[in-house]
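Okay, here's what each chain looks like letter by letter:
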Amino acid sequence: MMKVKVAVVGLGKMGLLHASLLNVLPNVELIALCEKNSFIRRFCKKTFKDINVVANVKELSDIDPDAIYVTTPIFSHFPVIKAIYTEEIAHNIFVEKPLASSYTKAMELCNLARDQGRVNMVGYNRRFTVTFRKAKEILDEGTLGELVFFEGYAYSSDLLEVEVNSKSLPRDGVLRDLGCHVIDLAFWFFGELKVEIAEIKSIISEGSEDFVYLRIKTLEGLEGEIKSSWCMKNYRLPEIGLIIRGSKGIMKVNDDKLELKLSNDKTVTWYRHDLGDNVPFLLGGAEYFREDEAFIRAILEGHNVEPSFQTALKVEQVIAQVKETARKK
Amino acid sequence: MNDEKVLLVGDNPFHGVSHLSQERATSRGEKLTNPSYAAELVITSVENGADGFMFTVSETTLSILRIISRREEYNQLQLYAIVPYTYEFVRSAPLAGGIPGLARKLAKEIASSRNWRAVVNGVTGIITTTPTALLRSYLIYEVFRLKSAAGKRANLVSLLLHELVTDMALALNMDWLFRMYIDFVSSVRIKPGFETRNFPCLVQKFKEWGIDFNGIVMAAPFNSIGFQMCPSREKCEEALAEIPEAEVIAFSILAAGYLKLPEAIEYVVNLPNLKGVAVGASKECHVRQTFNVLKKRCKCSGLEL
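Residues numbered from 1 in each chain as written. Chains lettered and ligands numbered in written order. Predicted model: local features only at pLDDT ≥ 70, side-chain atom pairs only at ≥ 80, totals over all residues. Heavy atoms only, no water.

1. Topic: the overall build of chain A
1) Next: From N to C terminus, chain A includes eight helices and 14 strands.
2) Next: The globule rule puts the C-alpha radius of gyration for 329 residues at 20 Å, and the 20 Å found for chain A is close to it.
3) Next: Seen through its C-alpha atoms, chain A measures out along the principal axes to roughly 60 × 50 × 40 Å.
4) Next: Counting across all 329 residues of chain A, residues that qualify as buried make up 59%.
5) Next: The long-range fraction of contacts in chain A, counting pairs at least 24 apart against all pairs at least 6 apart in sequence, stands at 70%.
6) Next: Total accessible area on chain A is roughly 14000 Å²; 47% of this is exposed by carbon and sulfur atoms. (Helix = DSSP H or I, 4+ residues; strand = E, 2+ residues; numbered from the N terminus. Rg over C-alpha atoms; globule rule 2.2 N^0.38 Å. Buried < 20%, exposed > 50% of the residue type's maximum accessible area, 1.4 Å probe, protein only. Contact = heavy atoms within 4.5 Å. Areas by Shrake-Rupley, 256 points an atom, 1.4 Å probe, with all protein chains shown as cover.)

The structure is reproduced here in structure tokens:
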């Protein structure tokens, strides 16, 4: 069996999660780990004797991986991916969401991917969640009739108890960290989005982006709004969801369930349990396994996979519009 | 053959967790995360047939243990503790400065506990970058925290490794970690345990690595619809049938509230080799009903089922 030789760059929680899942995929050989922090690196060298552990992404060129997973902090996605392409270290790249820390950087990475790359993918894993997949199927079948309005949200309590003016805040803001998932889903469901109104609120400290509201419109004229915050009460786990209204009914979908209420008063609810959520190996959530499996399969079969860098650029475009619109306001 | 099963009350509701939907967890409000209320639910469970408490070690559950330990009649409550509280670590990682930041935070906590055995192991682990010394230091610290909260006479039956750590170590073939964990936990006269959502894989790997199942506690989802039974319900049942010597505890028997109690119990009582069941409950009436029915069905011989 042909095996894809993979390296993982960045050994935080996402790096460890992907490294673990990759190691159970039958057609993958995890050959290298790359980590800047010397303590973690020394720890990994003692723990994984058969895997190369390096400090810098450029050292991976001697190891010759077929694919690289980039799971470093958001601000470093750009330099790491740029180095992988320009130094021709690997042609297939998976990067955890979002693609980059700005639209211009994301655009440059897309250009590099087009010129130097093969398969590329961004970790918008909600596309692999069974409830959102079912929602996409229902939308594509036209069950809701003509779409009227949608509301999206991405909430967590992650920073609810953070001290005001705390210096240890994530630097990229809630929209790029969490809200990007619901923007990606809205793009997947409805097509291109244009921001009409946007508001960014700072709750924790001056300049921090802790709550974002945006009013958007699709090219076909469907209107919607999205809210995102990491200071919401009672969201121990982050939750992404959408409420979509059509001429024939309403659909509510989130990470756990999908509720379809049709105009004839018929209501159907599907939980993950009803939608065949089991995977060969469960770690963190079934969507992570499906995502990694899809990326590896695309490499082996030589085709593209979604969400690609080009698709993730659309999310960056919306985030850039939000910042620009809110700034003008 | 004694078919009596250990009945444990689970702690998911006390952490604001519902695997059915986050919406359900949110709608339960904050009452459940109040340690006094939660401790009363645990006590009611025991009064209605539960033998013990299975919980992840956190500030909330340690507070629950402190409250229960004041009631002498519950001193022999069987405790099945799960470490570490991984979700809290994952949640706080970005603010703490990633994994190095979390390690520093934990090191400070261990140092301030003044448990010198934990401190010495920790310092050795850091200086020599020895994974086993670091793990030992952490485990000594957790056992110390548990005994401080539950009292010296507490009946700490098993210390289980949290599913995220178990399954990650499993995926990365870290057999040394499993061996070290079993050796260390056994050495402090507690049964080593592993919580997993990949039960067949864990069984297969243990066989490959020659790890003896005797005296090992394994906690995994078992329910009639195969919810979170990966890769499939059939594979999990087959793996369970292969290891009569292990102490396998089923959780998620209600598939996170998706199944009705009679249907859920009917399935688990008929599973061969299952040694116990853990169920979470959020209301006093549910606790009474659940453990009364469980007691009736799980504390009698197989023929009467």
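2. Let's talk about unusual backbone geometry
1) Next: A cis amide bond links K97 of chain A with the next residue in sequence, P98 of chain A, at an omega value of -10°.
2) Next: Checked against the element boundaries, P98 of chain A lands in the loop between strand 5 (92-95) and helix 4 (103-116).
3) Next: Phi is positive for N173 of chain B, close to 55°, though the residue is something other than glycine.
4) Next: Looking at the element boundaries, N173 of chain B is found in the loop between helix 8 (163-171) and helix 9 (175-187).
5) Next: Even without a glycine there, the phi angle at N273 of chain B is positive, about 75°.
6) Next: For N273 of chain B, the location among the structural elements is in the loop between helix 12 (261-269) and strand 8 (274-279).

3. Quick look at the packing of aromatic side chains
1) Next: Counted by the stated rule, this structure contains 18 aromatic pairs over all chains.
2) Next: Where F150 of chain A meets F190 of chain A, the ring centres are 4.4 Å apart and the plane angle is 25°; that geometry is what we call stacked. One end of the pair, F150 of chain A, is in strand 7 (residues 147-155); the other, F190 of chain A, is in helix 6 (residues 173-190), with 40 residues separating them in the sequence. One exposure class covers both F150 of chain A and F190 of chain A, and it is buried.
3) Next: Seen in terms of ring centroids, Y181 of chain B and F194 of chain B are 5.3 Å apart; in terms of plane orientation they differ by 55°. Their pairing is tilted. Pair noted here: Y181 of chain B is in helix 9 and F194 of chain B is in strand 5 (residues 191-195), with a separation of 13 residues, a long-range link. (Phe/Tyr/Trp six-rings, centres within 6.5 Å; stacked < 30°, edge-to-face > 60°.)

4. Topic: helix 9 of chain B
1) Next: Taking 1.5 Å of rise per residue, the 13 residues of helix 9 of chain B would be expected to cover 18 Å, and the 18 Å separating its terminal C-alpha atoms lies within 8% of that figure.
2) Next: Looking one or two residues past helix 9 of chain B, R189 of chain B carries a phi angle of roughly 60°, positive in sign. (Expected span 1.5 Å × (residues − 1).)

5. Structural notes on empty space enclosed by the protein
1) Next: The final tally for this structure, using the stated rule, is three cavities of 30 Å³ or more.
2) Next: Size it by volume and the largest cavity reaches roughly 80 Å³.
3) Next: Per-element tally for the lining of the largest cavity: the top contributor is helix 3 (residues 59-69) of chain B, with three residues.
4) Next: Residue classes in the lining of the largest cavity are distributed as seven nonpolar, three polar and no charged.
5) Next: Of the voids in this model, the second largest cavity is the one considered here, and its volume is about 50 Å³.
6) Next: The wall of the second largest cavity is formed by F187, E192, L193, K314, V315, Q317 and V318 of chain A.
7) Next: Tallied by class, the residues present in the lining of the second largest cavity amount to four nonpolar, one polar and two charged. (1 Å grid on protein atoms, 1.4 Å probe; cavity = no way out; pocket = protein on both sides within 12 Å on 5 of 7 lines; lining within 4 Å. Points joined across faces, edges and corners; volume = space filled by probe spheres on them. Nonpolar A, V, L, I, M, F, W, Y, C, P; charged D, E, K, R; others polar.)

Limitation: the analysis is restricted to geometry and does not speak to function.
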